[in-house]
Amino acid sequence: MELIRTREALRQWRGKAQGSIGFVPTMGALHEGHLSLVRHSLSQNDRTVVSIFVNPRQFGANEDYYRYPRMLDTDRRLLENLGVSVLFAPPEEEMYSPDDEVWMSLTRLSRLWCGSYRLGHFDGVVLVLTKLFHLVAPHRAYFGEKDFQQVRVVEKMVEELFFPIQIIRMPTVREPDGLAISSRNSYLSPRGRAQAVALYKTLQYIQTLVPKFRLTHKILEEARQYLHERFPEVKVEYLAIVDEYSLEPLEHLSQSAKPRALIAAYVEGVRLIDNIPLEVPPEEAYT
Ligand code: AMP
């Protein structure tokens, strides 16, 4: 595996690379969620490029940019053992310059849900991915459904900007108790870790309510109550049932829409997110 630090060295490698290229962009501190994307890319492509870049532009002023875990040596060994061709880990000055002017935004998708609480977050994601996609020029790029809004933002961006890249979605990898694996889980104390399962438990509870209510506001009311009673230390930021394509809230459930339940919540001040697709029974099952 080659560790590449500069745009120039990456361009040189890319100029010579033969066959199909799979790309997995990450911020490092690699875990099983990331590795599932890497393994899938390795199985579908001749070469796999992984990037590790903690992108300052996607963090808000009061967020955890400086605290975000960085462990390049461990990550590097993991990727080398899996058979990755290139690890691209640029320093910040390779990706941005103080006099940069380009700003990118999706007018609607970037501003919903996480985007409405983390202002500018998806603008930073879109900008860094545009740069990375130009440099790596992959055939396929791999994203986790754990960050579901990000997947939709990336799919829309690739479609509208005519990137010749296939976006492959991978399901969320979870801990045995259901907690979605995340680099941010490492911030939690054992007590917080026990509370963090609240996100997945609430999503599962929503699924159990689906056959009982067609109106989503009823489901969400009950789910909030459940979360409040069982996990009083968890502070919900948003809890929603949305159409999985537009991410707009759904008022009622039907088999024609593809509903997804989304949650963002704070545990010990750590912001966690999760989501699941909802299975809707046939119309006649509702009484
Ligand atoms: P990050 O390093 O947090 O930017 O994540 C890099 C990629 O890994 C993104 O496409 C994430 O959606 C994906 N990812 C992170 N956690 C998980 C998980 N638990 N399961 C599946 N994919 C994940």
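Small disclaimer: the values here were computed from a predicted structure and weren't measured.

In terms of regular secondary structure, the protein is built from 10 helices and 9 strands. The C-alpha atoms of the protein give 20 Å as radius of gyration, which agrees with the globular expectation for 287 residues (19 Å, within 12%). Counting only C-alpha atoms, the protein reaches 65 × 40 × 40 Å along its principal axes. Pairs at least 24 residues apart make up 73% of the contacts formed inside the protein by residues separated by at least 6 positions. In the form shown here, the protein has an accessible surface area of approximately 14,100 Å², with 51% of it arising from carbon and sulfur atoms. Averaging the coordinates of the 35 positive side-chain charges in the protein and doing the same for the 37 negative ones gives two points 2 Å apart.

What follows is about helix α1 (residues 7-16). Those residues of α1 lying buried are Leu10, Trp13 and Arg14. Projection of α1 onto a plane perpendicular to its axis shows the buried side chains occupying an angular sector of 100°, all on one side. Away from its buried face by more than 90 degrees, α1 exposes Gly15 and Lys16. Next to the buried residues of α1 lie β1 (2-4), β2 (21-26), β3 (47-52), β4 (86-88) and α6 (121-136).

Here the structure, examined in full by the defined rule, presents 20 salt bridges. A salt bridge links Arg169 to Glu244; the shortest N-O distance between them is 3.8 Å. One end of the pair, Arg169, is in strand β6 (residues 166-170); the other, Glu244, is in the loop between β7 (235-243) and β8 (259-267), and 75 residues separate them in sequence. A salt bridge links Glu244 to Arg260, with the nearest nitrogen and oxygen atoms 2.8 Å apart. Highlighted residues: Glu244 in the loop between β7 and β8 and Arg260 in strand β8, separated in sequence by 16 residues. Judged by relative accessible area, which is 13%, Glu244 ranks as buried. Take Arg260: its relative accessible area is 4%, and that puts it in the buried class. Among the ionic contacts, a cluster of salt bridges with common partners joins Glu145, Arg152, Glu155, Arg169, Glu244 and Arg260.

Below, the discussion takes up the site of the ligand. Lining the immediate surroundings of the ligand are 17 residues, of which Met27, His34, Asp147, Val173 and Ile181 lie closest. Within the backbone of Met27, a nitrogen or oxygen atom sits 2.9 Å from an oxygen atom of the ligand. With the chains in place, 92% of the 490 Å² that the ligand exposes on its own is no longer accessible. Elements with a minimum of two residues in the shell around the ligand: β2, α2 (32-44) and β5 (140-144). Sort the elements by how many residues they give to the shell around the ligand and α2 lands first, with 3 residues. Its residues placed into classes, the shell around the ligand shows 8 nonpolar, 7 polar and 2 charged.

The next thing to look at is the packing of α6 against helix α7 (residues 148-160). Contact geometry for α6 and α7: axes closest at 11 Å, N-to-C directions at 50°. Taken as axis vectors, α6 and α7 run oblique relative to one another. As α6 packs across α7, the resulting crossing turns out to be right-handed. Judged by residue contacts, Phe122, Val125, Val126, Leu129, Thr130 and Phe133 of α6 engage Gln149, Gln150, Val153, Val154, Met157 and Val158 from α7. Residues of the contact of α6 with α7, tallied by class, amount to 9 nonpolar, 3 polar and no charged.

What follows is about the packing of aromatic side chains. For the structure shown, the criterion picks out 10 aromatic pairs. On the numbers, 6.2 Å between centres and 40° between planes, the contact of Phe53 with Tyr96 is tilted. Here Phe53, found in the loop between β3 and α3 (72-82), pairs with Tyr96, found in the loop between α4 (92-95) and α5 (113-117); they are 43 residues apart in sequence, far enough to count as distant. Each member of the pair Phe53 and Tyr96 is classed as buried. Look at Tyr65 and Tyr66: their rings are 5.0 Å apart centre to centre, the planes differ by 75°, and that puts the pair in the edge-to-face class. Among the aromatic residues, ring-to-ring pairing joins Phe23, Phe133, Phe143 and Phe163 into one connected group. Lying across the ring of Tyr65, Arg70 places its NZ or CZ 4.9 Å from the centre.

Let's shift gears to the environment of Ala137. Relative to the assigned elements, Ala137 resides in the loop between α6 and β5. On a C-alpha basis, the gap between Ala137 and Ile165 in space is 7.9 Å, while along the polypeptide they are 28 residues apart.

Here we take up the sheet that holds β7. With antiparallel pairing, 3 strands are arranged side by side in an open sheet as β7-β8-β9. For this open sheet the edge positions go to β7 and β9 (270-277), each flanked by a neighbour on one side alone. For this sheet, the mean inter-axis angle between neighbouring strands, taken without regard to orientation, is 15°. Both β8 and β9 contribute to a ladder of 8 bridges, which runs antiparallel. Its bridge partner lying in β9, Leu262 is registered against Asn275.

Conventions we followed
Residues numbered from 1 in each chain as written. Predicted model: local features only at pLDDT ≥ 70, side-chain atom pairs only at ≥ 80, totals over all residues. Heavy atoms only, no water. Helix = DSSP H or I, 4+ residues; strand = E, 2+ residues; numbered from the N terminus. Rg over C-alpha atoms; globule rule 2.2 N^0.38 Å. Contact = heavy atoms within 4.5 Å. Areas by Shrake-Rupley, 256 points an atom, 1.4 Å probe, with all protein chains shown as cover. Lys, Arg positive; Asp, Glu negative; His and termini not counted. Charge placed at Lys NZ, Arg CZ, Asp CG, Glu CD. Buried < 20%, exposed > 50% of the residue type's maximum accessible area, 1.4 Å probe, protein only. Arc of directions from axis to C-beta. Salt bridge = Lys/Arg side-chain N within 4 Å of Asp/Glu carboxyl O. Near = heavy atom within 4 Å. Polar contact = N/O pair within 3.5 Å; in protein donor to acceptor, adjacent residues only side chain to side chain. Nonpolar A, V, L, I, M, F, W, Y, C, P; charged D, E, K, R; others polar. Axes fitted to C-alpha atoms, helices over the stretch in contact; angles between N-to-C directions. Parallel < 35°, antiparallel > 145°, perpendicular 65-115°, else oblique. Left-handed = near helix turned anticlockwise from the far one by under 90°. Phe/Tyr/Trp six-rings, centres within 6.5 Å; stacked < 30°, edge-to-face > 60°. Lys NZ or Arg CZ within 6 Å of the ring centre and 35° of its normal. Pairing = 2+ DSSP bridges.

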